[in-house]
Amino acid sequence: QVQLVESGGGLVQAGGSLRLSCAASGRTFSNYDMGWFRQAPGKEREFVAAIRWTSGRTYYADSVKGRFTISRDNRKNTVSLQMNSLKPEDTAVYYCGAGPYSASYYSAGSYDYWGQGTQVTVSS
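To keep things clear, this report deals only with the structure shown in the data block. A quick note: this is a predicted structure, and the numbers were derived from the prediction, not measured. (Residues numbered from 1 in each chain as written. Predicted model: local features only at pLDDT ≥ 70, side-chain atom pairs only at ≥ 80, totals over all residues. Heavy atoms only, no water.)

### Digging into the packing of aromatic side chains
Link 1 in the chain: Following the criterion strictly, the structure yields seven aromatic pairs and no others.
Link 2 in the chain: Arranged with centres 5.8 Å apart and planes meeting at 65°, the rings of Phe47 and Tyr105 form a pair that is edge-to-face. Of this pair, Phe47 sits in strand β5 (residues 46-52) while Tyr105 sits in the loop between β9 (92-100) and β10 (113-114), and the two are 58 residues apart along the sequence.
Link 3 in the chain: Owing to a relative accessible area of 12%, Phe47 belongs among the buried residues under this scheme. (Phe/Tyr/Trp six-rings, centres within 6.5 Å; stacked < 30°, edge-to-face > 60°. Helix = DSSP H or I, 4+ residues; strand = E, 2+ residues; numbered from the N terminus. Buried < 20%, exposed > 50% of the residue type's maximum accessible area, 1.4 Å probe, protein only.)

### Describing the state of the cysteines
Link 1 in the chain: Following the criterion strictly, the structure yields one disulfide and no others.
Link 2 in the chain: Shown here is the disulfide that connects Cys22 with Cys96, its sulfur atoms set 2.2 Å apart. Measuring the twist about the S-S bond at about -80°, one finds the Cys22-Cys96 disulfide to be left-handed. Of this pair, Cys22 sits in strand β3 (residues 18-25) while Cys96 sits in strand β9, and the two are 74 residues apart along the sequence. The two residues Cys22 and Cys96 agree in class, both being buried. (Disulfide = S-S within 2.5 Å.)

### Regarding the nonpolar core
Link 1 in the chain: Counting 35 residues, the largest nonpolar core has Met34, Trp36, Val79, Leu81, Met83 and Tyr94 as its most contacted members.
Link 2 in the chain: Listed by contribution, the elements that provide at least two residues to this core are β3, β4 (32-39), β5, β6 (58-60), β7 (68-73), β8 (78-83), β9 and β11 (118-123).
Link 3 in the chain: When residues in this core are grouped by element, the largest group, five residues, is from β5. (Core = buried A, V, L, I, M, F, W, Y, C linked by side-chain atoms within 4.5 Å.)

### A look at the pattern of salt bridges
Link 1 in the chain: Enumeration according to the criterion identifies five salt bridges in this entry.
Link 2 in the chain: In this structure, Asp90 engages Arg38 in a salt bridge whose closest nitrogen and oxygen atoms are separated by 2.9 Å. One end of the pair, Asp90, is in the loop between β8 and β9; the other, Arg38, is in strand β4, with 52 residues separating them in the sequence.
Link 3 in the chain: The class of Asp90 is buried, set by a relative accessible area of 0%.
Link 4 in the chain: Because the salt bridges share partners, they merge into one network encompassing Arg38, Glu46, Arg67 and Asp90. (Salt bridge = Lys/Arg side-chain N within 4 Å of Asp/Glu carboxyl O.)

### Describing the side chain of Ser110
Link 1 in the chain: Along the chain, Ser110 turns up in the loop between β9 and β10.
Link 2 in the chain: According to the relative accessible area criterion, Ser110 is buried, its value standing at 16%.
Link 3 in the chain: Filtering out sequence-adjacent residues up to four positions away, Ser110 remains in contact with Gly99, Pro100, Ser102 and Ser104. (Contact = heavy atoms within 4.5 Å.)

This is the structure in structure tokens:
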């Protein structure tokens, strides 16, 4: 089993920054995708960013491109999401996911493991 634990969420004013981290344990990741998704109340889980664990190739939702950066630390088995220029519409619970390599990295169904989520609230 793979355990994922997110941290770094909190309350921030619009225009501010937060850095989320996801620590993985239980397995060494290879040929895996790691992704960040978010879910606001009453809405579906939404793709934010993903990274190929081995190559480091990154992908972003259009809504966060240019503002968010996903990165990995292979030695520590962690993935991070640096969020800059935050907007109120970024408010959501952010989840870290892990799953085998998939062309559908943008789909929550492609991920087998999930963290508990961390709340990000951006005020006006």
